[in-house]
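# Summary of the model geometry
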Amino acid sequence: MVILALLAPADQPVATYSCRADTRFGKHTISIRQGIDAQAPAAVRANTRFTIAVHSQQGTLPTEVKGFKLQEVRDLTLRIPVPANAAYLSSRLIGGSGLNSTPSVQLEGNTAVVRVAGPIPGGASFQFPTLSIRLRAGGPGAVETKLTGTSYDDPGLTLQAKIKWKFLSTTAPVACYPDPNPVLTRTVIT
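Residues numbered from 1 in each chain as written. Predicted model: local features only at pLDDT ≥ 70, side-chain atom pairs only at ≥ 80, totals over all residues. Heavy atoms only, no water.

### What to know about the overall build of the chain
When helices and strands are counted, the chain shows zero helices and 17 strands. The C-alpha radius of gyration of the chain comes to 17 Å, within 12% of the 16 Å expected for a compact globule of 190 residues. Projected onto the principal axes, the alpha-carbon positions of the chain cover approximately 60 × 30 × 30 Å. Counting the 190 residues in the chain, one finds 42% classified as buried. Put simply, of all contacts in the chain between residues at least 6 apart along the chain, 74% involve residues at least 24 apart. When the 19 basic and 11 acidic side-chain charges of the chain are each reduced to a single mean position, those positions are 4 Å apart. (Helix = DSSP H or I, 4+ residues; strand = E, 2+ residues; numbered from the N terminus. Rg over C-alpha atoms; globule rule 2.2 N^0.38 Å. Buried < 20%, exposed > 50% of the residue type's maximum accessible area, 1.4 Å probe, protein only. Contact = heavy atoms within 4.5 Å. Lys, Arg positive; Asp, Glu negative; His and termini not counted. Charge placed at Lys NZ, Arg CZ, Asp CG, Glu CD.)

Below, the structure is given as structure tokens:
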């Protein structure tokens, strides 16, 4: 996933992550583009239950990144914050393919954390599962869904990339944050 220009249909929204890989050969910045679609109701009443869903489109890992052979990625962690003005009730994962492991989701603080152990080989196609979060609406106002992360030190997406250069193989931690970070869904609470 390091330097993913994950393929997405032209009409799908795209999340762009700014990423930094810390390798034995120095720090390398890269960009990851992921087709993403999020759904939520347009309006709900205060104190009622509703669901938001964040769905990533199918993508393909590159085989090479900045001259390095990408052998595999593993230990992917994606963080989605529980929106303000809503209370978390539960979450679940639906679908997904090519991940070579069973993804999991759990609440950590006020963030739903999706973990995929992998490994996903370089050049392979895969699809993250859809994250469905059940919420209870707060008071009148709005609930907005966004991605997590503001910098390399406050990432919303992390992973380990196994890369090879000439005869050396190494595993590099990669930290990513959404840049820009637009609102994915907006629900008005009445």
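### Structural notes on the packing of aromatic side chains
Evaluated as defined, the whole model comprises two aromatic pairs. Taking the centre distance of 5.5 Å and the plane angle of 85 degrees together, the rings of phenylalanine 126 and phenylalanine 128 count as edge-to-face. On the accessibility criterion, phenylalanine 128 (8% relative accessible area) is buried. Ring plane angle 70 degrees and centroid distance 5.3 Å describe the contact between tyrosine 152 and tyrosine 177, whose orientation is recorded as edge-to-face. Of this pair, tyrosine 152 sits in the loop between strand S14 (141-145) and strand S15 (157-165) while tyrosine 177 sits in strand S16 (residues 168-178); the two residues are 25 residues apart in sequence, bridging distant segments of the chain. Given the relative accessible area of 16%, tyrosine 177 is considered buried. (Phe/Tyr/Trp six-rings, centres within 6.5 Å; stacked < 30°, edge-to-face > 60°.)

### A few points about the pattern of salt bridges
All told, the structure shown has four salt bridges when counted by the stated rule. The partner of aspartate 22 in a salt bridge is arginine 20, with the nearest N and O atoms 3.5 Å apart. Salt-bridge contacts for glutamate 144 lead to arginine 186; the nearest nitrogen and oxygen are separated by 3.1 Å. A residue pair is termed long-range when its members are at least 10 positions apart, and glutamate 144 in strand S14 and arginine 186 in strand S17 (residues 185-189) qualify at 42 residues. (Salt bridge = Lys/Arg side-chain N within 4 Å of Asp/Glu carboxyl O.)

### Details of the sheet that holds S14
With respect to topology, three strands assemble into an open sheet ordered S3-S17-S14, the strand pairing being mixed. The sheet is open, and its two edges are formed by strand S3 (43-44) and S14, each paired on a single side. Direction of pairing for S3 relative to S17: parallel, over a ladder of two bridges. By the bridge assignment, valine 44 is partnered in S17 with isoleucine 189. (Pairing = 2+ DSSP bridges.)

### Side note on the side chain of glutamine 34
Among the structural elements, glutamine 34 can be located in strand S2 (residues 26-39). Of note is the side chain of glutamine 34, whose polar atom sits 2.8 Å from the backbone oxygen of glutamine 57. (Polar contact = N/O pair within 3.5 Å; in protein donor to acceptor, adjacent residues only side chain to side chain.)

### Description of the environment of tyrosine 177
When the C-alpha positions of tyrosine 177 and proline 83 are compared, they lie 17 Å apart, and in sequence the two are 94 residues distant. Look past the residues within four positions of tyrosine 177 in its chain and what remains in contact with it is Thr16, Tyr17, Ser18, Gly149, Thr150, Ser151, Tyr152, Asp154 and Gly156.

Geometric descriptors of this kind do not, in isolation, establish any biological role.
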